[in-house]
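Now for the letters of each chain:
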Amino acid sequence: MKLDQHIFLIGFMGCGKSTCAACLCRMTGAEQIEMDQEIVKRQGMEITEIFRVHGEEYFRDLETDLIKEIGNMEPMVVSCGGGTVLREENVALMKAAGRIILLTAEPETVFDRVKGSADRPVLNGNMNLSYIKELMEARRPRYEAAADAAVATDGRTAEEICEEILEQRKEESHGAR
């Protein structure tokens, strides 16, 4: 299935955005962009360093600028940073350019997936299940409000998740006719 619009994958860190983005690209032939990696490449420093040197607001501005740029590109699969939807402007830009898919996972799944990672600035000093639960719950309303659809990732392969995303897309295309 060829993409006729962008697919923006959103969700808390560790929900499978990067893994599913790569899988969707294999299934559709579309290009993939990892927003966090693209920002790191352009800035020449890791996200933790960007936060430390310039602050979170600066980083969020970089995200917004990148989404604007992506909106003018050929349809692709975009793996968004975990906090991208915290700005209404970002959500509006993504909705104008494509579909927003929320990937979800239980806090325990997220913790298992991210506990060995040192490049999660939001979790630095708080790499524990209770903090992850608290942050996930705080962000949940923003994710749900932004999403066009949600897909649970717990205990599923990337292929199963991506097939569901593409099936939803197909059903919407047929329903819109």
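Residues numbered from 1 in each chain as written. Predicted model: local features only at pLDDT ≥ 70, side-chain atom pairs only at ≥ 80, totals over all residues. Heavy atoms only, no water.

Caption draft 1: Summary view of the packing of helix α6 (residues 107–114) against helix α7 (residues 129–146). For the pair α6 and α7, the least separation of the axes is 9 Å and the interaxial angle reads 120 degrees. As the angle between them shows, α6 and α7 are arranged oblique. In this structure, α6 meets α7 at a crossing whose hand is right-handed. In contact with Pro107, Glu108, Val110, Phe111 and Val114 of α6, α7 contributes Leu129, Ile132, Lys133 and Met136. (Axes fitted to C-alpha atoms, helices over the stretch in contact; angles between N-to-C directions. Helix = DSSP H or I, 4+ residues; strand = E, 2+ residues; numbered from the N terminus. Parallel < 35°, antiparallel > 145°, perpendicular 65-115°, else oblique. Left-handed = near helix turned anticlockwise from the far one by under 90°. Contact = heavy atoms within 4.5 Å.)

Caption draft 2: How the structure looks around helix α5 (residues 88–97). Inspection of α5 places Asn90, Val91, Met94 and Ala97 among the buried residues, and these make up the whole buried set. Angularly, the buried residues of α5 cover 135 degrees about the axis, an arc narrow enough to put them on a single face. Exposed residues on α5 whose side chains face more than 90 degrees from its buried face are Glu88 and Ala96. Looking at the buried positions of α5, the neighbouring elements they touch are β1 (6–10), α4 (56–71), β4 (98–104) and α7. (Buried < 20%, exposed > 50% of the residue type's maximum accessible area, 1.4 Å probe, protein only. Arc of directions from axis to C-beta.)

Caption draft 3: Molecular detail of α4. Counted at 1.5 Å a residue, the expected span for α4 with its 16 residues is 22 Å, and the 23 Å between its end C-alpha atoms agrees. For α4, the full list of buried residues reads Phe59, Arg60, Leu62, Glu63, Thr64, Leu66, Ile67 and Ile70. (Expected span 1.5 Å × (residues − 1).)

Caption draft 4: Up close: the state of the cysteines. Applying the stated criterion across every chain yields a total of zero disulfides. This cysteine, cysteine 15, is not joined by any disulfide, and cysteine 20 carries the nearest cysteine sulfur, 9.8 Å off. Judged by relative accessible area, which is 2%, cysteine 15 ranks as buried. Lacking any disulfide linkage, cysteine 80 is separated from the closest cysteine sulfur, that of cysteine 25, by 13 Å. (Disulfide = S-S within 2.5 Å.)

Everything listed here is a matter of coordinates, which is why it stays silent on function.
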